[in-house]
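An overview of the molecular structure
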Amino acid sequence: MASVNEDFLNLENDYLFSIITNKKNEFEKNNPDKKVISLGIGDVSLPLVPVVIDAMKKATDEMAKKETFRGYGVVQGYEFLIEKILEVEYKKRGVELNKDEVFIASGSKGDLAGVAEIFSKSNRVALMDPVYPAYRDVNIMLGRNDIVYLKGTEENGFIPEIPKEHVDIIYLCSPNNPTGTVLTKEQLEFWVKYAKENNAVIFFDSVYEVFIDDENIPHSIYEIEGAKEVAVEFRSFSKLAGFTGVRCSFVVIPKELKLYTKSGEKVELNSLFKRRQSVKYGAAPYITQRAAEAVYSDEGQKEIRENIKYYKENAKFIKQELEKLGFIVYGGEHSPYIWLKTKNNMKSWDFFDKLLNEAGVVGTPGVGFGSAGEGFFRLTAFSSKEDTKEAINRIRNIFKK
Ligand code: MLT
């Protein structure tokens, strides 16, 4: 009898963003004359930049010729891309890493799941509440149900509270999805020290780092001394360069980072992840990696930063206009996410329904990210300028009354 892995039955029925898409589709079906604007899922609206397109075309041409065609790739990722990552993302910030500490793949969701697999099922996980739901679901799928939630509230500035009990794995996301807040150097120093003292490992998700505007806010956890012993870092080209439909990411696992066996021996996470990737992952496509490499050329950096500037202007506009309407608004400064407090204690899903039904605007209910998100709502700055303006006009019409 084929039986089910019952860990999967512990998941909530549907993934947050699928529920929202279904609600949006249903509304559109019933209101064919209304144009719905989505400021919900954080998907980019600007096309790939010209330098990236050129690199993809060139790589495609190479694939068309016998002399330059490439078959199976390198599990770890091509050196040409890893070298650029080390130089632009890390060396420039004073961080020294080796080539075999970076793994290229096809999106951070898969990387988060892959690294989490290597930790014992019995490990206790600390997640922020509110939290990007994939962190939680990945652990539930792996049968890791011992999850502690670290509340981020208005009172503590949406910074995860310190665990009251011992935890083995800590997820940190800065700039944060969904609240848009950032962790300062001092706060990261605290977590690195905490991880060292508790033999814990930090999963540091910094896929939104390109939105940071303040010199003093770290882009990488490795800017903190000692972090290489206790932290894995997740990065992606999705938000950095609009690769949501292309798929390319990387994860950094320093060789210094060790896990323990039951008998107390130390094992390298890096080599186990490499072993895992060679069995379960077929290497990111050559064309994709050439496209990602182009992001790091001088022209590529200029072009992608123009797009980021565009999204940041949207974020600023949304924040400013909502504040004019009397909303309390967080995020939107070093982040593409705007985290607003609903008015009159309205529940997140009621606010979602109000916005959809009365304004034809889709956002993400804060409670979908955890109970601490109740009464909050997330909007993204990733839409076009025109749609963002129109969405705000419609929201203004409801709330100015
Ligand atoms: C979000 O809306 O939170 C993100 O787009 C989700 C993701 O990157 O997977």
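This is a predicted model, so every value here is computed, not measured.

Scoring rules and cut-offs
- Residues numbered from 1 in each chain as written.
- Predicted model: local features only at pLDDT ≥ 70, side-chain atom pairs only at ≥ 80, totals over all residues.
- Heavy atoms only, no water.
- 1 Å grid on protein atoms, 1.4 Å probe; cavity = no way out; pocket = protein on both sides within 12 Å on 5 of 7 lines; lining within 4 Å.
- Points joined across faces, edges and corners; volume = space filled by probe spheres on them.
- Helix = DSSP H or I, 4+ residues; strand = E, 2+ residues; numbered from the N terminus.
- Nonpolar A, V, L, I, M, F, W, Y, C, P; charged D, E, K, R; others polar.
- Pairing = 2+ DSSP bridges.
- Axes fitted to C-alpha atoms, helices over the stretch in contact; angles between N-to-C directions.
- Contact = heavy atoms within 4.5 Å.
- Domains from an automatic or database assignment.
- Buried area = accessible area lost by both parts, 1.4 Å probe.
- Salt bridge = Lys/Arg side-chain N within 4 Å of Asp/Glu carboxyl O.
- Polar contact = N/O pair within 3.5 Å; in protein donor to acceptor, adjacent residues only side chain to side chain.
- Near = heavy atom within 4 Å.
- Areas by Shrake-Rupley, 256 points an atom, 1.4 Å probe, with all protein chains shown as cover.
- Sits in = over half its atoms within 2 Å of the grid points.

1. A word on empty space enclosed by the protein
Under the defined criterion, the tally for this structure stands at three cavities of 30 Å³ or more. Of the volumes computed, that of the largest cavity is approximately 100 Å³. Forming the boundary of the largest cavity are 14 residues, of which Met128, Pro160, Leu172, Cys173 and Asn176 lie nearest the centre. Considering every element that reaches the lining of the largest cavity, the biggest residue donor is strand β5 (residues 169-173), with three residues. Here the lining of the largest cavity is composed, by residue class, of 11 nonpolar, three polar and no charged. As a volume, the second largest cavity reaches approximately 70 Å³. Contributing to the lining of the second largest cavity are Val44, Leu46, Pro47, Leu48, Lys239, Leu240, Ala241, Gly242, Ile304, Asn307, Ile308 and Tyr311.

2. As for the sheet that holds strand β2 (residues 102-105)
Sheet strands pair via backbone hydrogen bonds, and the direction of the pair is either parallel or antiparallel. Pairing is mixed in the open sheet, where seven strands are placed in the order β2-β8-β7-β6-β5-β3-β4. Unpaired on one side and paired on the other, β2 and β4 (147-151) mark the two borders of the sheet. For this sheet the average axis-to-axis angle between neighbouring strands, irrespective of direction, equals 20°. In this sheet, β4 lies alongside strand β3 (residues 125-129) in parallel orientation, the contact comprising five bridges. Directly across from leucine 127, in β4, lies its bridge partner tyrosine 149. Lying on the sheet, helix α4 (residues 108-116) is in contact with β2, β5, β6 (201-205), β7 (231-236) and β8 (249-252); it crosses β7 at an angle near 160°.

3. Section: the layout of surface pockets
Roughly 520 Å³ of internal volume is contained in the largest pocket. Per-element accounting of the lining of the largest pocket gives the leading share, three residues, to strand β9 (residues 258-260). Of the residues contributing to the lining of the largest pocket, the split by class is 11 nonpolar, five polar and seven charged. Considered as a void within the structure, the second largest pocket measures approximately 440 Å³ in volume. Listing elements by their share of the lining of the second largest pocket, those giving two or more residues are α4 and α7 (237-241). Tallied by class, the residues present in the lining of the second largest pocket amount to seven nonpolar, seven polar and six charged. Taken together, domain 1 (6-48 + 299-399) and domain 2 (50-296) each give at least three residues to the lining of the second largest pocket, which thus spans both.

4. Topic: the domain arrangement of the protein chain
Considered domain by domain, the protein chain is made up of domain 1 (6-48 + 299-399) and domain 2 (50-296). When each unit is reduced to the centre of its C-alpha atoms, the spacing between domain 1 and domain 2 is 25 Å. Taken together, the 39 residues of domain 1 in the interface contact 50 residues of domain 2. With both chains or domains summed, domain 1 and domain 2 bury close to 3,600 Å², and 63% of this area falls on carbon and sulfur atoms. One can count three salt bridges joining domain 1 with domain 2. Lysine 341 is the partner of glutamate 154 in a salt bridge, and the nearest nitrogen-oxygen pair spans 2.8 Å. Summed over the shared surface of domain 1 and domain 2, the number is 14 residue pairs in polar contact (both at pLDDT 80 or more). The element best represented in the side of domain 1 that touches domain 2 is helix α10 (residues 298-324), accounting for nine residues. Across the side of domain 1 that touches domain 2, the residue classes tally to 19 nonpolar, 10 polar and 10 charged.

5. Describing the side chain of glutamate 293
Among the structural elements, glutamate 293 can be located in helix α9 (residues 286-295). Sequence-distant contacts of glutamate 293, that is, excluding residues within four places in its chain, are made with Phe80, Leu81 and Lys84.

6. A word on the site of the ligand
Neighbouring the ligand are the residues Phe17, Ile41, Gly42, Lys109, Tyr132, Asn177, Tyr208, Lys239, Tyr337 and Arg378. Here an oxygen atom of the ligand and a backbone polar atom of glycine 42 are 2.7 Å apart. If the ligand stood free it would expose 270 Å²; the protein chains cover 85% of that surface. Under a 2 Å grid-point criterion requiring more than half of the atoms, the pocket assigned to the ligand is the second largest pocket. Along the lines of polarity and charge, the residues of the shell around the ligand split into five nonpolar, two polar and three charged. In terms of domain composition, the shell around the ligand takes at least three residues from each of domain 1 (6-48 + 299-399) and domain 2 (50-296).

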